[in-house]
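# Report on the structure
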Amino acid sequence: TPHAPHYAAAAAVMFRRLAGVGGGDVASDGPGSSGNNNSGPLDLVEEARRPFTDAVTAINGAVVYMDDGAGEAAHWACGAGFLFSLGAVNVLRLATSSSSSSSAGGGGGSDGGGGGGVAAVDVAGLPVEAGTPLVIFTTRLLQHAKADVLRC
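Structural notes, computed from the coordinates. Here the residue index of a chain counts from 1 through its sequence in written order. The model is predicted, so local features are restricted to residues of pLDDT at least 70 and side-chain atom pairs to those at 80 or more, both for listing and for counting; the totals for chains, interfaces and linings are taken over all residues. The side-chain quantities take in all heavy atoms of the structure and omit both hydrogens and water.

### Side note on the overall build of the protein chain
Only DSSP runs of H or I reaching four residues or more are called helices, and only runs of E reaching two or more are called strands; each is numbered from the N terminus. Looking only at helices and strands, the protein chain has six helices and three strands in total. When accessible area is computed with a 1.4 Å probe and restricted to protein chains, residues below 20% of their type maximum are described as buried, those above 50% as exposed, and intermediate ones as partly exposed. For the protein chain, buried positions account for 28% of its 152 residues. In the protein chain, the share of contacts with a sequence separation of at least 24, taken over all contacts with a separation of at least 6, comes to 61%. Throughout, the Shrake-Rupley method with a 1.4 Å probe supplies accessible areas, and for residues the shown protein chains are the sole cover considered. Summed over its atoms, the accessible surface of the protein chain is roughly 8,700 Å², and 59% of this surface lies on carbon and sulfur atoms. Contacts are residue-level and defined by heavy atoms, with any inter-residue pair within 4.5 Å sufficient.

This is the structure we're talking about:
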């Protein structure tokens, strides 16, 4: 393919940086990037957790809803236990109009809360207080997720 040399060169730079063997010419990834291009090897665990740690003030004390894509990313990046360590009251699946409600992996057997006006629950299965904040992670465009988000 015509792009193969470009991808091979980019992969070589990435692997050198991961191994800590130079790669200081790697450009910043934009907003949210640590900006430390010459700081040595890249910590993949830290980078995978960054979207969640950046939102720690919102997650602390909130019920966290995730669509399937965000739940998959969280599962492989850090797990529900990490989100609970950030102060999440519960981690629930953001039910879509074409899915049934269920936990996002580690939500303590709750019913998902996002479908049909069912109240959100904490990890013990008890209803959360009415004023408990919600944090919603979605991998879909908001115009496509709007109806599911509004059900929370």
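### Section: the sheet that holds strand β3 (residues 134-137)
At least two DSSP bridges between two strands are required for those strands to pair. Strand order in the open sheet made by the three strands is β2-β1-β3, with parallel pairing throughout. The outermost strands of the open sheet, each flanked by one partner alone, are β2 (90-93) and β3. Ignoring which end each strand starts from, the neighbouring axes of this sheet average 25 degrees apart. Bridging between strand β1 (residues 63-66) and β3 involves four bridges; their strand directions are parallel. Within β3, the position partnered with Val 63 by the bridge is Leu 134. Lines fitted to the C-alpha atoms define the axes, with helices restricted to the stretch that makes contact. Angles between their N-to-C directions range from 0 to 180 degrees.

### A closer look at the pattern of salt bridges
Put simply, a salt bridge is a Lys or Arg side-chain nitrogen that is within 4 Å of an Asp or Glu carboxyl oxygen. Applying the stated rule across the entire model yields five salt bridges. Asp 67 is the salt-bridge partner of Arg 140, the closest N and O atoms lying 3.6 Å from each other. Remark: Asp 67 occurs in the loop between β1 and α4 (68-77) and Arg 140 occurs in the loop between β3 and α6 (142-150); sequence separation between them is 73 residues. The class for Asp 67 is buried, based on a relative accessible area of 3%. Where Arg 140 meets Asp 148, a salt bridge forms, and the shortest distance between an N and an O atom there is 2.8 Å.

### A short note on the nonpolar core
In this text, buried Ala, Val, Leu, Ile, Met, Phe, Trp, Tyr and Cys residues form a nonpolar core when linked through side-chain atoms within 4.5 Å. In terms of nonpolar packing, the biggest core is built from 16 residues, with Phe 52, Ile 59, Val 64, Met 66, Leu 83 and Phe 137 touching the most fellow members. Of all the secondary structure elements, the ones that give two or more residues to this core are β1, α4, α5 (80-85) and β3. Every residue in contact with Phe 52, bar those within four places of it in the chain, is listed here: Ile 59, Met 66, Ala 74, Cys 78, Phe 82, Leu 83, Leu 86 and Phe 137. In this structure, Val 63, Tyr 65, Leu 92 and Ala 120 belong to the second largest nonpolar core, which totals five residues.

### Description of the environment of Leu 94
Within the secondary structure layout, Leu 94 lies in the loop between β2 and β3. Taking the relative accessible area as the measure of exposure, Leu 94 reaches 0% and is therefore buried. Between the alpha carbons of Leu 94 and Tyr 65 there is a distance of 5.1 Å; along the sequence they are 29 residues apart. Leu 94 has contacts with Tyr 65, Met 66, Asp 67, Ile 136, Arg 140, Asp 148, Val 149 and Cys 152, leaving out every residue within four places of it along the chain.

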